[in-house]
Amino acid sequence: MYGATGSGKSTLAGAIGELTGIPVTSVDDICWSPGWVQMPKHEQLETFDRITRGDALILDSAYEGWRYLAHERADLVVALDFARLTSFSRLLRRTLHRMIDGTEVCNGNRESFREIFLARDSILLWHVTSFRRKRAEMRTWEAADSGPRVIRLRRPAHARSFLASEAAQAAEGPSL
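Everything in this summary refers to the structure shown in the same document. (Residues numbered from 1 in each chain as written. Predicted model: local features only at pLDDT ≥ 70, side-chain atom pairs only at ≥ 80, totals over all residues. Heavy atoms only, no water.)

## Thoughts on the side chain of Ser61
Mapped onto the elements of the fold, Ser61 is located in the loop between β5 (58-59) and α4 (67-73). A relative accessible area of 12% means that Ser61 is categorised as buried. With sequence-adjacent residues up to four places away left out, Ser61 is seen in contact with Met1, Lys9, Val27 and Trp66. (Helix = DSSP H or I, 4+ residues; strand = E, 2+ residues; numbered from the N terminus. Buried < 20%, exposed > 50% of the residue type's maximum accessible area, 1.4 Å probe, protein only. Contact = heavy atoms within 4.5 Å.)

## Here's the deal with the pattern of salt bridges
Considering all chains together, one arrives at 9 salt bridges under this definition. In this structure, Glu137 and Arg133 form a salt bridge, with 3.4 Å as the shortest nitrogen-oxygen distance. Taken together, the positions of Glu137 and Arg133, both in helix α7 (residues 123-143) and 4 residues apart, correspond to about one turn of that helix. You can call Glu137 buried: its relative accessible area is 18%. When its relative accessible area of 27% is taken as the criterion, Arg133 is described as partly exposed. Between Glu142 and Arg152 there is a salt bridge whose closest N-O contact spans 2.7 Å. Taken as a pair, Glu142 in helix α7 and Arg152 in strand β9 (residues 149-153) lie far apart in primary sequence, 10 residues in all. What you see here is one network of salt bridges that share partners, running through Asp81, Arg135, Arg139, Glu142 and Arg152. (Salt bridge = Lys/Arg side-chain N within 4 Å of Asp/Glu carboxyl O.)

## Here we look at the layout of surface pockets
Counted as a void, the largest pocket has a volume near 1400 Å³. Contributing to the lining of the largest pocket are 50 residues, with Thr5, Asp28, Tyr63, Arg94 and Ile123 lying nearest its centre. Of all elements in the fold, only α1 (9-20), α2 (27-31), α3 (41-51), α5 (84-101), β7 (104-106), α6 (113-118), α7 and α8 (156-172) reach the threshold of two or more residues within the lining of the largest pocket. With 6 residues, the top contributor of residues to the lining of the largest pocket is α7. Among the residues forming the lining of the largest pocket, the class breakdown is 18 nonpolar, 13 polar and 19 charged. There is about 570 Å³ of room inside the second largest pocket. (1 Å grid on protein atoms, 1.4 Å probe; cavity = no way out; pocket = protein on both sides within 12 Å on 5 of 7 lines; lining within 4 Å. Points joined across faces, edges and corners; volume = space filled by probe spheres on them. Nonpolar A, V, L, I, M, F, W, Y, C, P; charged D, E, K, R; others polar.)

## Brief notes about the packing of aromatic side chains
The geometry of two aromatic rings is summed up by the distance between their centres and the angle between their planes. By the definition in use, this model includes 4 aromatic pairs. Measuring from centroid to centroid gives 3.8 Å for Phe48 and Trp66, while their planes differ by 5°, and the two rings are stacked. In this pair, Phe48 is assigned in helix α3 and Trp66 in the loop between β5 and α4, connecting sequence segments 18 residues apart. We note that Phe48, like Trp66, is buried. Summarising the aromatic geometry, the rings of Tyr63 and Trp66 are spaced 6.2 Å apart at their centres and angled 35° between planes, so their arrangement reads as tilted. The burial state of Tyr63 is the same as that of Trp66; both residues are buried. Ring pairs connect the aromatic residues Phe48, Tyr63 and Trp66, which therefore count as one cluster. (Phe/Tyr/Trp six-rings, centres within 6.5 Å; stacked < 30°, edge-to-face > 60°.)

## A word on α8
With 17 residues, α8 extends 25 Å between its outermost C-alpha atoms, agreeing within 8% with the 24 Å of an ideal straight helix rising 1.5 Å per residue. Among the residues making up α8, those that are buried are Pro156, Ala159, Phe162 and Glu166. Within α8, the buried residues cover an arc of 115° as seen down the axis, which keeps them to one side. Turned more than 90 degrees away from the buried face of α8 sit Arg160, Ala171 and Glu172, all of them exposed. In this fold, the buried residues of α8 make contact with α1, β6 (76-80), α5 and β9. (Expected span 1.5 Å × (residues − 1). Arc of directions from axis to C-beta.)

Spelled out as structure tokens, the structure:
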């Protein structure tokens, strides 16, 4: 899965994993330690070099330092290329809900007012600063003559249709 922060990558990855029986790897669960301490880049590279050598898996995202490994080894990239307002409003709603409810994000980490609105690495700011680059990457991958097949979904309705199609095919046998 690839797309802007808040586009629904983890949700769609989980649903496809349930349909296909293919294990889903939560990138955030691996890359973020308690206290929002990010795994060093070289450790991320080593970890995902090992993980992406497996037979079948679904990654719910791919970070910049090792994205090329996932892309080189993937059979399929499902790209959630939704409008900026769609992904940002989803992100804001999800983040506020987690902050209010105290929902754990990963490894004991929780969203807080400071991290959402005041930190330099705010997830909302990350969305704003990374959106254009991620969109360009998805479109470049889709247009490329080589590399994995890319299914670019432009609206949440397209993602729902894709999932329904996968559900129908899963009833008949594996398709991904």
